[in-house]
Amino acid sequence: MTPPDAAPLVELRGLTKTYGEGETATMVLKGLDLTLEKGRMIALLGASGSGKSTLLNILGTLLRPTAGRFTMLGQELFGADDATLTDFRNRHIGFVFQFHNLLPDFSALENVIFPTAVREGVESAQARLRGAELLELVGLADRTHYRATKLSGGQKQRVAVARALMNKPDLILADEPTGNLDSVSAQQVMELIKVVNQREGTTFLISTHDERIAAQCEGRLEIRDGRII
Ligand SMILES: Nc1ncnc2c1ncn2[C@@H]1O[C@H](COP(=O)(O)OP(=O)(O)O)[C@@H](O)[C@H]1O
Ligand SMILES: [Mg+2]
């Protein structure tokens, strides 16, 4: 018997996603297969509109697929109820989006710990400690108490990476995380992702249009015509 630990992080089989119904129905994912092993750092490529964000949102359990098999850490998630998906997401998944989505009037530290504080209903000392450690990891120890509006684009995105790491996720889904950054800031974010990937063993799936970003990943997947090619 295979120990549960040997299960890939993610397995998708014959996954489809159709938006809308009837005449306006659009099938974006058309029977997609994907296996993602733990600890990897993989680029997700594909033309604009090919379904990268759709796939990342499905993997993040924010969006339900239409059909197919979807297991993560050996757990079947297709058709799972909302409570199960929310719990799974909180335990295992972190997100970094193209637009950092920081709360402008909150400090860097408050932004990092906010989702955890909301979930736990309390801003614990432990959360503040972990938040401060993460800001140090992302090179922003000296910006801990700066309001988000006082940070540069690259610094905000590094805060977003720290926020994504707060609950020690197994998988971070990054949807064009450098798409809105100048090349120097983009490279800093990539260096950070590499450090986190190596030091914490966090798996990253990073959608991008940028060949320089993809070239720094261990592997690449490309969506074309609704499938991984
Ligand atoms: N909520 C939605 N309703 C209907 N169509 C959508 C929705 N979200 C995305 N789409 C369509 O699905 C396709 C894939 O979109 P998306 O996953 O955002 O691609 P990408 O991230 O690769 O640019 C596009 O044609 C887009 O217009
Ligand atoms: Mg997209």
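One can find the structure itself at the top, above this paragraph.
My aim in this report is to walk through the structure given alongside it, one point at a time. Predicted model, so just to flag it, every value in this text is computed and none were measured. (Residues numbered from 1 in each chain as written. Chains lettered and ligands numbered in written order. Predicted model: local features only at pLDDT ≥ 70, side-chain atom pairs only at ≥ 80, totals over all residues. Heavy atoms only, no water.)

## A closer look at the packing of helix 5 (residues 153-165) against helix 6 (residues 183-200)
- Where helix 5 meets helix 6, the closest approach of the two axes is 9 Å, and the angle between their N-to-C directions is 20°. As summarised for this structure, helix 5 and helix 6 are arranged roughly parallel, according to the angle between their axes. The interaxial crossing formed by helix 5 with helix 6 has right-handed handedness. Residues Gly154, Gln157, Arg158, Val161 and Leu165 of helix 5 pack against Ser185, Gln188, Val189, Leu192 and Val196 of helix 6. (Axes fitted to C-alpha atoms, helices over the stretch in contact; angles between N-to-C directions. Helix = DSSP H or I, 4+ residues; strand = E, 2+ residues; numbered from the N terminus. Parallel < 35°, antiparallel > 145°, perpendicular 65-115°, else oblique. Left-handed = near helix turned anticlockwise from the far one by under 90°. Contact = heavy atoms within 4.5 Å.)

## Examining unusual backbone geometry
- One non-glycine residue, Glu176, lies in the positive phi region at around 45°.
- Mapping Glu176 onto the fold places it in the loop between strand 7 (171-175) and helix 6.
- Unusually for a residue other than glycine, Asp225 sits at a positive phi of about 50°.
- Among the structural elements, Asp225 can be located in the loop between strand 9 (219-224) and strand 10 (227-228).
- Residue Asp225 is classed as exposed on the basis of its relative accessible area of 60%. (Buried < 20%, exposed > 50% of the residue type's maximum accessible area, 1.4 Å probe, protein only.)

## Describing the environment of Tyr146
- Among the structural elements, Tyr146 can be located in the loop between helix 4 (125-137) and helix 5.
- Among all residues touching Tyr146, those that are not within four sequence positions of it are Phe106, Ser107, Ala108 and Leu151.

## Considering the site of ligand 1
- Every residue close to ligand 1 is listed here: Tyr19, Val28, Ala47, Ser48, Gly49, Ser50, Gly51, Lys52, Ser53 and Thr54.
- Within the backbone of Gly49, a nitrogen or oxygen atom sits 2.7 Å from an oxygen atom of ligand 1.
- Note that an oxygen atom of ligand 1 is positioned 3.3 Å from one of the backbone N or O atoms of Ser50.
- Burial of ligand 1 by the surrounding chains reaches 55%, relative to a free accessible area of 560 Å². (Near = heavy atom within 4 Å. Polar contact = N/O pair within 3.5 Å; in protein donor to acceptor, adjacent residues only side chain to side chain. Areas by Shrake-Rupley, 256 points an atom, 1.4 Å probe, with all protein chains shown as cover.)

## Quick notes on the sheet that holds strand 2 (residues 26-36)
- On the basis of which strands lie adjacent, the open sheet formed by 4 strands has the order 2-1-4-5 and antiparallel pairing. Two strands bound the open sheet, and with one partner strand each, they are strand 2 and strand 5 (75-76).
- Note: strand 1 (residues 10-19) against strand 4 (residues 67-72), 5 bridges, orientation antiparallel. Paired with Val10 across the strands is Met72, a residue of strand 4.
- Taken strand by strand, helix 1 (residues 52-59) contacts strand 1, strand 2 and strand 4, and its axis lies near 120° from that of strand 1. (Pairing = 2+ DSSP bridges.)

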